[in-house]
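Survey of secondary and tertiary structure
Each chain, written out:
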Amino acid sequence: MINENQVISGWGRNSYARVNIFEPLKEEQIREKILNANKESLITRGLGRAYGDSAQLDKETVIFLKNFNAVKIDKTHNEITAQGGVSFDEILSIIIPQGYFLPVSPGTRYVTVGGAIAADVHGKNHHRDGTFGKNVKRLLLMDGKGELLELSQNDKSEENRAKFWATVGGMGMTGVILEATFSLIPISSSFISVDTSRHENLDSLMEKMIESDQ
């Protein structure tokens, strides 16, 4: 469950940290680890694809949620509920055959749901559809006291809404993202139809790009 003295780095391999890797099997083990941490620092880590040096705590414990990878699709509302440790790659292998795609897809599919929310990733549709966090309907968070918080961006509680948006893009500093519910895009095919056009100058190209986004 705990692999001691492991070396990790960010995607850019700029710096390295020697950490203890904690791989819990169930929620209660995370709570016990938090409550027994005393002065020890803890942070959750996804698949290590962040460009910066995030989720690195030298000589401390890093939580990997690889065993938290369950998903459930709600076709009535075009939504999916996924645990924090499941990767976009795993989700795509499930949802594409059922006619769905992710609302926002970053440059790699090898990121976890928890990591995507913590970093609030964006894709090539950012200018029109926003970040991944905009499509998250609900979060299940375990905070630094071991308490479970169910948060949403439309929560009646102003405090809970603030905690939701502090978690989205919060780089794991608010707690452990155990689960999230987010929207899916219905698709008719996994193939993309592409129209190619050539332009004489940059102004013409920019005008066409703006026009096609209307």
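See the structure printed just above.
Summarised in this report is the structure supplied together with it. (Residues numbered from 1 in each chain as written. Predicted model: local features only at pLDDT ≥ 70, side-chain atom pairs only at ≥ 80, totals over all residues. Heavy atoms only, no water.)

**Considering the pattern of salt bridges**
- Within the structure shown, the criterion is met by 11 salt bridges.
- One salt bridge connects Arg31 with Glu28, and the closest N-O pair in it is separated by 2.6 Å. Note that Arg31 and Glu28 are positioned in helix H1 (residues 27-35) at a spacing of three residues, about one turn of the helix.
- In this structure, the salt-bridge partner of Lys59 is Asp58, at a minimum N-O distance of 3.0 Å.
- Each of Glu27, Glu28 and Arg31 takes part in one network of salt bridges that share partners. (Salt bridge = Lys/Arg side-chain N within 4 Å of Asp/Glu carboxyl O. Helix = DSSP H or I, 4+ residues; strand = E, 2+ residues; numbered from the N terminus.)

**What to know about the pairing of strand S6 (residues 79-83)**
- The pairing of strand S5 (residues 71-74) with S6 spans four bridges and is antiparallel. Following the sheet pairing, Val71 is matched in S6 by Ala82.
- With antiparallel pairing between neighbouring strands as the criterion, S5 and S6 make up a hairpin whose turn holds four residues, including Asn78 at a positive phi of roughly 55°. (Pairing = 2+ DSSP bridges.)

**As for the sheet that holds strand S4 (residues 61-64)**
- Strand order across the open sheet formed by four strands is S1-S2-S4-S3, with mixed pairing between neighbours. Because the sheet does not close on itself, it has two edges, and the strands there are strand S1 (2-9) and strand S3 (42-45). Adjacent strand axes in the sheet meet at a mean angle of 45°, parallel and antiparallel pairs treated alike.
- Bridging between strand S2 (residues 16-22) and S4 involves three bridges; their strand directions are parallel. Looking across to S4, one finds that Ile21 is bridged to Val62. (Axes fitted to C-alpha atoms, helices over the stretch in contact; angles between N-to-C directions.)

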